[in-house]
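Next come the chains, spelled out residue by residue.
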Amino acid sequence: MPAAASALLTTVEMGEADRLTIASGTPGIVLMENAGRAVADAVARRDPPGSRVAVVAGPGNNGGDGFVAARLLAERGFRVTLLLVGSPDRLKGDAAAAAARWTGPVVPAAPEALAGAHVVVDALFGAGLDRPVEGLPRAMIEAMNAAAGQGARVVAVDLPSGINGTTGAVMGVAVTAEESVTFFRGKPGHWLLPGRLHRGRLTVADIGIPDAVLATVRPRCVLVDADFAREAVPVPRLAGHKYSRGHAVVVSGGASTTGAARLAARAALRAGAGLVTLASPPDAMAVVAAASLAVMVRAVDGAAALADLLADARFNAVALGPGLGVGAATRDLVLAALAGPRAVVLDADALTSFSGAPEDLFAALRKRAGQATVLTPHDGEFSRLFGHLDAVREAPSKLDRTRAAARAAAAVVLCKGADTVIADLDGRAAINTNAPAHLATAGAGDVLTGIIAGLCAQGAGAFEAAAAAAWLHGAAATEVGPGLIAEDLSEAMPSVYARLFDPLAAPRAARAGGLR
Ligand SMILES: NC(=O)C1=CN([C@@H]2O[C@H](COP(=O)(O)OP(=O)(O)OC[C@H]3O[C@@H](n4cnc5c(N)ncnc54)[C@H](OP(=O)(O)O)[C@@H]3O)[C@@H](O)[C@H]2O)[C@@H](O)CC1
Ligand SMILES: Nc1ncnc2c1ncn2[C@@H]1O[C@H](COP(=O)(O)OP(=O)(O)O)[C@@H](O)[C@H]1O
Ligand SMILES: [K+]
């Protein structure tokens, strides 16, 4: 994985990071004091002293963080009420120590106790949530959401209570926070849906856990960011030429469905492939050729002709699926593309054509293990191809579903959406979240396919190409803004690249001031 990429830690990995830090000499109570202070700082950044703050503390260390925040906010002149779910004498370890430092009253939690609060600190459950929420905790979560509806600002400690930090799932019911303050690194549940919709603005606080613990924890998931893309995108060499930047082939559908492949081909060229050829059925040659300038066109009539074309090893990346049609002819084209030493990107109809016989596709993919192959399903295509697999059905999150699919297919799988997940065969995974909602527009997926093929043609690895392409695609959509149509995405690539490779240009998202 690119070294600069920002790791996301599961709750188990975060527990390991805590343990390693404590074992190397930082007491747990120091981490908890730092965590509680970060929460108090988040409250004080936006609300003035004198504001009424209700801290809802749970029975574990998340509650302990709440006790620390309560004490520090009271010291800073906030009017703090501490509401405890559970009994004070059941608190253990660092949480008990933090509670002992709180000298105010500990009020038994009740929903009506939130009335009149300006700020609610949600310190009910964090990483330790392990089952659906019921009873009083559920009533308190509902009361926190009701308080938010009446104008209170809800600041969640680590995770909005009810959200599973590893999967992003709502465990029965969950707080919807205005801000979440997490520690050391983000968690997948902050970025996967629906967790992302609950956590509000995300603040990641340093609580004294050294980065060095990551070498032992070895997290398996990263958030794709500009640094990741910068490392993954091959940079043209001064002494290079167009042939050294690779030659991508995109296979077009028939005369009435060439648009999707043309979108992909242009995107492959914009992504930096040295040359791009559209392989067109003879009946579509006229329309494809008339609409292409820098993209070249070759007549290719069926799978045997595609195999003949690809016998020329200079065609080092092939994308197929967009606009190709569902059926046996597409299956044959896919198998022809897969049978040789080149990168292959399969999307749309190339995937759906195997929905009746996914094992046929997986068998062909397994034969080329070690070569770059990327499958780019949206949710519907994903379930048509992988929905029958137990490992996929039983996976607790989109992250694990996509990993299970990658293992089954022996290929990199990119599962699209607002929380696009990219998984490699070996369990490495990435989440890309920079895509604005207006990217959900016809043909956007075809462009993504082309960008991946363009990066693969230049020699990027399959996982790096897919993850970086998702980020570039999201950045291009952000660059264009609302009103975007798929044609615009390729045209925005030069300014996305300019910003990416200009050390003085701040990424647009950072300028706008948010991680959201
Ligand atoms: N480790 C460290 O050093 C640091 C950790 N830090 C903080 O600790 C947090 C993790 O703490 P944690 O592991 O104690 O878990 P936490 O989220 O408080 O919840 C567990 C408690 O809830 C209970 N419970 C669970 N599910 C339930 C349900 N559905 N319904 C009802 N009860 C339920 C469960 O009790 P059980 O009934 O299972 O015995 C248990 O008592 C982390 O998010 C961060 O904020 C920071 O201070 C930095 C240093
Ligand atoms: N809510 C959303 N927010 C951000 N991006 C989205 C959202 N929904 C879909 N997308 C993105 O839009 C693109 C749509 O691709 P796809 O479904 O294949 O459409 P098409 O087949 O029309 O090209 C994907 O890159 C996907 O990740
Ligand atoms: K919480």
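Since this is a predicted model, take the numbers as computed values, not measurements.

Another point: the overall build of the protein chain. Across its full length, the protein chain carries 22 helices and 18 strands. Against the globule reference of 24 Å for 516 residues, the protein chain gives a C-alpha radius of gyration of 26 Å, in line with a compact fold. Taken along the three principal axes of its C-alpha coordinates, the protein chain extends 80 × 50 × 45 Å. Within the protein chain, the proportion of its 516 residues that are buried is 56%.

Glancing now at the UniProt feature "binding site: K(+)" (unreviewed entry) in the protein chain. Within this structure's numbering, the places UniProt gives as "binding site: K(+)" (unreviewed entry) are Asn62, Asp122 and Ser161. Spanning 100 residues, the named residues nonetheless gather at one spot, since no C-alpha pair among them exceeds 9.5 Å. In this fold, Asp122 is placed in strand E5 (residues 119-123). When near neighbours in sequence (up to four residues on either side) are disregarded, Asp122 contacts Val56, Met144, Val154, Val155, Ala156, Val157, Pro160, Ser161, Val175 and Ala177. Ignoring anything within four residues of it in the chain, the contact list for Ser161 reads Asp122, Leu124, Phe125, Ile141, Ala156, Ala174 and Val175.

Attention now goes to the site of ligand 2. Taken together, 17 residues are adjacent to ligand 2, and Lys416, Ala418, Ala435, Ala440 and Gly445 come closest. Considering every element that reaches the shell around ligand 2, the biggest residue donor is helix H19 (residues 444-457), with four residues. Partitioning the shell around ligand 2 into residue classes produces nine nonpolar, six polar and two charged.

Ranked by size, the top nonpolar core spans 182 residues in total, and within it Val56 and Ala268 carry the most contacts. Two domains each provide a minimum of three residues to this core, namely domain 1 (6-220) and domain 2 (226-500). What Ala268 contacts, discounting residues up to four positions off in sequence, is Ala248, Val250, Ala273, Val276, Ala319, Gly450, Ala453, Gly454 and Ala457.

Okay, the sheet that holds strand E7 (residues 179-183) next. Ordered in space as E4-E3-E2-E5-E6-E7-E8, the seven strands form an open sheet in which the pairing is parallel. One side of each edge strand has no neighbouring strand; the edge strands of this open sheet are strand E4 (106-108) and strand E8 (201-205). Adjacent strand axes in the sheet meet at a mean angle of 25 degrees when their direction is disregarded. Across the face of the sheet, helix H5 (residues 135-149) comes into contact with strand E2 (52-57), E5 and strand E6 (153-157) while running at roughly 150 degrees to E5.

Here Tyr497 lies in helix H21 (residues 486-501). A residue is classified by how many C-beta atoms lie within 10 Å of it, and Tyr497, with 18 of them, is partly exposed. In this structure, the C-alpha to C-alpha distance between Tyr497 and Ala476, residues 21 residues apart in sequence, is 9.3 Å.

Inspection of the region around ligand 1 gives 26 residues, with Gly60, Asn61, Asn62, Gly126 and Gly128 positioned closest. Mapped onto the shell around ligand 1, the elements with two or more residues apiece are helix H2 (28-46) and helix H3 (61-75). Looking at the shell around ligand 1 element by element, the count peaks at five residues for H3. Among the residues forming the shell around ligand 1, the class breakdown is 12 nonpolar, nine polar and five charged.

Calculation criteria
Residues numbered from 1 in each chain as written. Chains lettered and ligands numbered in written order. Predicted model: local features only at pLDDT ≥ 70, side-chain atom pairs only at ≥ 80, totals over all residues. Helix = DSSP H or I, 4+ residues; strand = E, 2+ residues; numbered from the N terminus. Rg over C-alpha atoms; globule rule 2.2 N^0.38 Å. Buried ≥ 20, exposed ≤ 12 C-beta atoms within 10 Å, placed from the backbone. UniProt positions renumbered as here; feature names shortened; annotations may be inferred. Contact = placed C-beta atoms within 7 Å. Near = placed C-beta within 6 Å. Nonpolar A, V, L, I, M, F, W, Y, C, P; charged D, E, K, R; others polar. Core = buried A, V, L, I, M, F, W, Y, C linked by C-beta atoms within 7 Å. Domains from an automatic or database assignment. Pairing = 2+ DSSP bridges. Axes fitted to C-alpha atoms, helices over the stretch in contact; angles between N-to-C directions.

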